[in-house]
Amino acid sequence: MDFLFSNYPPVKTSHPTFADAFYNLLPKTEQLDIAVGYITSDSLIELQKAVELNNVRTLNLIIGMHYFDLFTRVEYQAAMDLNKFLTDNNAGEVRLVTPFRFHGKLYCFQNQNAPIAGIIGSKNLSSIVDSKNGIYEASMLLQEPVSLKKMNSFMGDLKSKAT
């Protein structure tokens with residue numbers, strides 16, 4: 001387990017940032033499952049590019065807040081474009097939580113159907129493109145098999161029961 005902090009002055013730490021961990025894990029990842037509250041159009045475009053460049057075979061994205069808080073037209077189109085790319089290539093899908101407002105931020109990196117790492121914390125998907133947004137965020141990098149299994153199980157339940 002390791003802490004991930006934004007590391008803005010005056011609270012600089014020796015810990016890595018969310019973006020450091022996210023991009024360092026991608027080359028080792030075959031399947032990436034993400035459940036976040038909010039997305040941005042540029043983060044969806046960046047996510048597709050990052051998946052393609054790192055040969056991630058499957059991406060499943062669950063968006064938790066936009067059903068109630070609505071998408072902008074550009075966000076909606078970007079989500080639809082990413083979903084079309086994923087489903088056309090049999091490489092995952094984009095889902096929307098509908099029975100409640102899901103505001104969690106979970107990222108599960110897997111190989112051969114077993115999680116290798118997870119990130120849980122306050123970072124929405126926009127953090128993969130906008131790490132200097134002025135909001136100091138904190139997350140945890142998990143690598144313990146028991147915690148990863150619980151995260152993966154919850155994400156499966158969220159996908160099957162709430163999207």
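See the structure printed just above.
Residues numbered from 1 in each chain as written. Predicted model: local features only at pLDDT ≥ 70, side-chain atom pairs only at ≥ 80, totals over all residues. Heavy atoms only, no water.

Participant: Quick question: what am I supposed to make of the sheet that holds strand β7 (residues 138-142) here?
Facilitator: As a general point, the strands of a sheet are linked pairwise by backbone hydrogen bonds and lie either parallel or antiparallel. Read from one edge of the open sheet, seven strands run β1-β7-β6-β5-β2-β3-β4, paired in mixed fashion. The open sheet has two edge strands, β1 (2-5) and β4 (92-96), and neither has a second partner. Between one strand axis and the next, the sheet turns through 15 degrees on average, direction left out of account. Bridge analysis of strand β2 (residues 31-36) against strand β3 (residues 58-63) gives six bridges, and the strand direction is parallel. Within β3, the position partnered with Ala35 by the bridge is Ile62. Relative to the sheet, helix α4 (residues 73-88) contacts β3 and β4, its axis offset from that of β4 by approximately 145 degrees. (Pairing = 2+ DSSP bridges. Helix = DSSP H or I, 4+ residues; strand = E, 2+ residues; numbered from the N terminus. Axes fitted to C-alpha atoms, helices over the stretch in contact; angles between N-to-C directions. Contact = heavy atoms within 4.5 Å.)

Participant: Looking at this structure, I do not really get the packing of aromatic side chains. What am I missing?
Facilitator: Counted under the stated rule, the structure contains 10 aromatic pairs. Plain terms: the ring middles of Tyr67 and Phe68 are 5.1 Å apart, the flat faces sit at 90 degrees to each other, and that makes the pair edge-to-face. One aromatic cluster is present, formed by Phe18, Phe22, Tyr23, Tyr107 and Phe109 through successive ring pairs. (Phe/Tyr/Trp six-rings, centres within 6.5 Å; stacked < 30°, edge-to-face > 60°.)

Participant: I tried to follow helix α5 (residues 145-162) on my own but got confused; where do I start?
Facilitator: Since the α-helix advances by 3.6 residues per turn, residues separated by three or four positions end up pointing in the same direction. For α5, which comprises 18 residues, the first-to-last C-alpha distance of 25 Å matches the rise-based estimate of 26 Å (1.5 Å per residue) to within 8%. When we look at burial in α5, the residues that qualify are Leu148, Met151, Met155, Leu158 and Ala162. Looking straight down α5, one finds its buried side chains confined to an arc of 110 degrees; they lie on one side. Opposite the buried face of α5, by more than 90 degrees, sit the exposed residues Pro145, Val146, Lys149, Lys150, Ser160 and Lys161. Structurally, α5 contributes buried residues whose contacts are with β2, β3, β4, β5 (106-111), β6 (114-121) and β7. (Expected span 1.5 Å × (residues − 1). Buried < 20%, exposed > 50% of the residue type's maximum accessible area, 1.4 Å probe, protein only. Arc of directions from axis to C-beta.)

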